[in-house]
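# Structural description and commentary
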Amino acid sequence: MKISEILKSKEATVSYEVFPPKKDMPFEPILDAVDRLCESKPDFMSVTYGAGGGTGHNTIKIADHVQNHRGVTSIAHLTCISSSKEQVEAAIKEMKACGIENILALRGDIPADFDGEAARDYRFAADLVRELKAKGDFCVGGACYPEGHVECEHKEDDITFLKAKVDSGVDFLTTQMFFDNNVLYNFLYRIRERGITVPVIAGIMPVTNGKQIERICQLSGTYLPARFRAIVDKFGDNPEAMKQAGIAYATDQIIDLIANGVRGIHIYTMNKPDVAESIRNNLSYIIGK
């Protein structure tokens, strides 16, 4: 089923993101985590893609498993900045063979040794979106950044680039993680003013490890509100307490978002089924099972 259809059919959706194993890492533990996540029946599950296609085959393999063996709609990520046209076409062909009809089109992170040569076919996500729309009847999602892309100096310029990406054929957007809901509400107002009307799914990261969050935010430019910083300062050295507090904070965010009319919630699970299950249980009467 296409995600655009799922978003239209439900008052509120909850989806999960998982990532494939890194090179030379075992596959089965990831698949076990994916199976557990599927048991809570998310509305769909996205699978991330390695830089330069490093885990691309595993991405499609997991998306195929989720959709065709676990009965959960899947969306496969596809990056393009360090991929050739031939690599992208091969990935599209493999996805079609698996019956995957949802793709999240991303430029991808620029590798440290990137010389620009690989970008001869695709410089921006919009280039990939147009390719996907030309190659098949895909539902294509895109990424958006409520606090602005870390590489873009001015937020208004970032929205201009986002508008170009949406105009190239994006059916829905998923946000980068954020920890202050007011950031998202302000962002939604600004993009609607610029004529971006596709559905926007809110990306929520349950932080269960205090040591990781600073690095994540440095890389992404994400703002940490004082309330969240106090939680990390208080419980960051106590793993079980931090896990409980992180789940509670994410739950509060989601409740507020749904109460204010946000219809799509996307949980960055970090392949932790117990965390996702706890959040779903906390929302059992708000969004249903």
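Residues numbered from 1 in each chain as written. Predicted model: local features only at pLDDT ≥ 70, side-chain atom pairs only at ≥ 80, totals over all residues. Heavy atoms only, no water.

### Some points on the environment of K234
- By the secondary structure assignment, K234 is in helix α9 (residues 226-235).
- Residue K234 is classed as exposed on the basis of its relative accessible area, which comes to 63%.
- Remark: the alpha-carbon pair of K234 and K163, spanning 71 residues in sequence, is separated by 41 Å. (Helix = DSSP H or I, 4+ residues; strand = E, 2+ residues; numbered from the N terminus. Buried < 20%, exposed > 50% of the residue type's maximum accessible area, 1.4 Å probe, protein only.)

### Thoughts on unusual backbone geometry
- One non-glycine residue, M270, adopts positive backbone phi at about 55°.
- With respect to the helices and strands, the residue M270 is situated in the loop between β8 (264-268) and α11 (273-282).
- Even without a glycine there, the phi angle at N271 is positive, about 60°.

### Details of the sheet that holds β8
- Within the closed barrel, the eight strands sit side by side as β1-β2-β3-β4-β5-β6-β7-β8. Their pairing is parallel. Ignoring strand direction, the axes of neighbouring strands in this sheet form an average angle of 30°.
- The pairing of strand β6 (residues 172-175) with strand β7 (residues 200-204) spans two bridges and is classified as parallel. The residue bridging T174 from the neighbouring strand is I201, located in β7. (Pairing = 2+ DSSP bridges. Axes fitted to C-alpha atoms, helices over the stretch in contact; angles between N-to-C directions.)

### Digging into the pattern of salt bridges
- By the definition in use, this model includes 13 salt bridges.
- Note that K163 and D167 form a salt bridge whose closest N and O atoms lie 2.9 Å from each other. On the criterion of helical spacing, the pair formed by K163 and D167 is a turn pair, its members being four residues apart in helix α6 (residues 155-167).
- Look at K163 and you get partly exposed, because its relative accessible area is 23%.
- R227 is the partner of D252 in a salt bridge, and the nearest nitrogen-oxygen pair spans 3.2 Å. Note that D252 is positioned in helix α10 (residues 239-259) and R227 in helix α9, a separation of 25 residues in sequence. (Salt bridge = Lys/Arg side-chain N within 4 Å of Asp/Glu carboxyl O.)

### Here's the deal with the layout of surface pockets
- Here the second largest pocket defines a volume of roughly 230 Å³.
- If you trace the second largest pocket, you find 14 residues lining it, with P199, V200, G261, R263 and G264 closest to the centre.
- Looking at the lining of the second largest pocket, the elements with two or more residues in it are α1 (3-9), α7 (181-193) and β7.
- The class makeup of the residues in the lining of the second largest pocket is eight nonpolar, three polar and three charged. (1 Å grid on protein atoms, 1.4 Å probe; cavity = no way out; pocket = protein on both sides within 12 Å on 5 of 7 lines; lining within 4 Å. Points joined across faces, edges and corners; volume = space filled by probe spheres on them. Nonpolar A, V, L, I, M, F, W, Y, C, P; charged D, E, K, R; others polar.)

### Here we look at the environment of G264
- Turning to its location among the elements, G264 is positioned in strand β8.
- For the pair G264 and S15, spaced 249 residues apart in sequence, the C-alpha to C-alpha distance is 7.9 Å.
- Sequence-distant contacts of G264, that is, excluding residues within four places in its chain, are made with T13, V200, I201 and A202. (Contact = heavy atoms within 4.5 Å.)

### Regarding the pairing of β6
- Neither face of β6 is left uncovered, since the one carrying F172 and T174 and the one carrying L173 and T175 both have all their residues buried.
- Pairing geometry for strand β5 (residues 139-144) and β6, over four bridges, is parallel. Paired with G141 across the two strands is F172, which belongs to β6.
- Where the polypeptide runs from β6 across α7 and back to β7, its parallel neighbour, the crossover connection is right-handed. (Right-handed = clockwise from strand over helix to strand, strands pointing away.)

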